[in-house]
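Residues per chain are reported as follows:
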Amino acid sequence: MLPRIPLAHLPTPVDPLPRLTAALGGPEILVKRDDQTGLAFGGNKTRKLEYLIADAQARRADTLITGGAIQSNHCRQTAAAAARLGFNCILVLTGNEPTAPSGNLLLDRLFGARTVYTSRDRREAAMQAAVTEAETAGLKPYLIPYGGSNPIGAAAYAFAVQELIAQGIEADWIVFASSSGGTHAGLAAGAQLFGFNGKVLGISIDEPNDVLTHRVAKLATETSALLDHPNVFMPGDILANVDYLGGGYGVMGAVEVEAVQMLARLEGLLVDPVYTGRAAAGMIDLIRKGFFHSAARVLFWHTGGQPALLAENYAGVVGE
Ligand SMILES: *Cc1c(COP(=O)(O)O)cnc(C)c1O
């Protein structure tokens, strides 16, 4: 068993989405509420952090260092977990420091994280520099990769498949937002390990097919090995849809706005501008195109992200 520190409220609920299902004319759509993991507005990173921070504690670290976009949900959840467990937290954020922090960045500050800013091409070097600087200052840093996506973080999503099966939920498809690949790899590894019968379809947020499927296959293979159930995944074993990259990472276009508004107005359910709004837009478009069998059951795995709705750069777009 992998060491784990409980941070999330599990199991997360599974809710039907009857009005969305009716509006689209089937298939049946359900939602797995990982936006309700309970740590600082929740999200998929909470599950990963349960295992990552257990590893950090085992290594006697006192400082968590990670990185992401300015509106990174991963950074916000890491900052909250650090506060709760008494770690220092340093976040390496890609972009210019905003004059007025909003959304996730506002929360990072509230949790007492230190934020440093870098450019996208220098982000790996900047994270390494933060580690070195912390060591020089006499701290014991633990580096969490982007999105918490290494085998330890991804293992959390293998166990999440076990949780879903234990809830008695069957689905023909699991659809979700995929980016750094840990969620995707964990779900793929977990489906294999725990005998989930449906298909696991990641909607790519920002990567082309070859990059995402190679990354997820490698990580799913490593995750299976970590869980003592070695299984080799090839890129061709990974289901990814890359038709919804839109204007690129973090750019909210008309289809994302439509998805955010549809879920809000039909179900009172909030999805976010960057990840779940884009994945929901993809799912809605695939349903309209008849991609899923009309008698199928589709489980939308909600990965969180809602604080970004209130970020200065998105709030005006969705509030129309
Ligand atoms: C990080 C994130 C994702 C993507 O998960 P990965 O494991 O990085 O692929 C999806 N949705 C939200 C809201 C996220 O914050």
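Here the structure is shown first, and the text comes after it.
The present account deals with the structure reproduced in this document. (Residues numbered from 1 in each chain as written. Predicted model: local features only at pLDDT ≥ 70, side-chain atom pairs only at ≥ 80, totals over all residues. Heavy atoms only, no water.)

**So, the sheet that holds strand 2 (residues 28-33)**
Strand order in the open sheet made by the 6 strands is 1-2-10-7-8-9, with mixed pairing throughout. Each edge of the sheet is formed by a strand with only one pairing partner; in this case those strands are strand 1 (14-16) and strand 9 (239-241). Pairs of neighbouring strands in the sheet enclose a mean axial angle of 30°, with direction left out of account. Bridge count between strand 8 (residues 199-204) and strand 9: 3 bridges; the pairing is parallel. Directly across from G202, in strand 9, lies its bridge partner A240. Taken strand by strand, helix 10 (residues 276-288) contacts strand 2, strand 7 (173-178), strand 8, strand 9 and strand 10 (297-302), and its axis lies near 170° from that of strand 10. (Pairing = 2+ DSSP bridges. Helix = DSSP H or I, 4+ residues; strand = E, 2+ residues; numbered from the N terminus. Axes fitted to C-alpha atoms, helices over the stretch in contact; angles between N-to-C directions. Contact = heavy atoms within 4.5 Å.)

**Quick word on the nonpolar core**
Counting residues in each nonpolar core, the largest one holds 38 residues, and the members touching the most others are L20, V175, M283, F292 and F300. Elements with a contribution of two residues or more to this core: helix 1 (18-24), strand 2, strand 7, strand 8, helix 9 (254-267), helix 10, strand 10 and helix 11 (312-318). By residue number, the principal contributor to this core is helix 10, which donates 7 residues. Among all residues touching F292, those that are not within four sequence positions of it are P27, W173, V175, L201, M283, L286, I287 and V298. Within the second largest apolar cluster, 33 residues are counted, among which are L52, A80, Y142 and F159. (Core = buried A, V, L, I, M, F, W, Y, C linked by side-chain atoms within 4.5 Å. Buried < 20%, exposed > 50% of the residue type's maximum accessible area, 1.4 Å probe, protein only.)

**Some words on unusual backbone geometry**
In this structure, P11 follows L10 across a cis peptide bond, with omega equal to 0°. Inspection of the secondary structure assignment puts P11 in the segment before strand 1. Here G26 and P27 are connected by a cis peptide whose omega angle stands at -5°. Considering the arrangement of structural elements, one finds P27 in the loop between helix 1 and strand 2. The backbone of F41 shows a phi angle near 75°, a positive value even though the residue is not glycine. Following the sequence through the fold, F41 ends up in the loop between strand 2 and helix 2 (44-58). Among the residues examined, F41 registers a relative accessible area of 58% and is labelled exposed. Positive phi, normally seen in glycine, also occurs at R60, with a value near 60°. Relative to the assigned elements, R60 resides in the loop between helix 2 and strand 3 (63-69).

**Regarding the site of the ligand**
Residues in close proximity to the ligand total 17 residues, the closest being K45, K48, S180, T183 and T303. Within the backbone of G182, an N or O atom sits 3.4 Å from an oxygen atom of the ligand. Between an oxygen atom of the ligand and a side-chain N or O atom of T183, the distance comes to 2.7 Å. For the shell around the ligand, the secondary-structure elements that each account for two or more residues are helix 2, strand 7 and helix 7 (182-194). Looking at the shell around the ligand element by element, the count peaks at 3 residues for helix 2. In terms of residue class, the shell around the ligand is built from 2 nonpolar, 12 polar and 3 charged. (Near = heavy atom within 4 Å. Polar contact = N/O pair within 3.5 Å; in protein donor to acceptor, adjacent residues only side chain to side chain. Nonpolar A, V, L, I, M, F, W, Y, C, P; charged D, E, K, R; others polar.)

**Examining helix 6 (residues 151-166)**
In a regular helix each residue adds 1.5 Å, so 16 residues correspond to 22 Å; helix 6 covers 23 Å between its end C-alpha atoms and thus fits that length. Most of helix 6 sits inside the fold, with 12 of its 16 residues counted as buried. Buried within helix 6 we find I152, G153, A154, A155, A156, Y157, A158, F159, A160, V161, E163 and L164. G168 sits one or two residues past helix 6 and shows a positive phi near 80°. (Expected span 1.5 Å × (residues − 1).)

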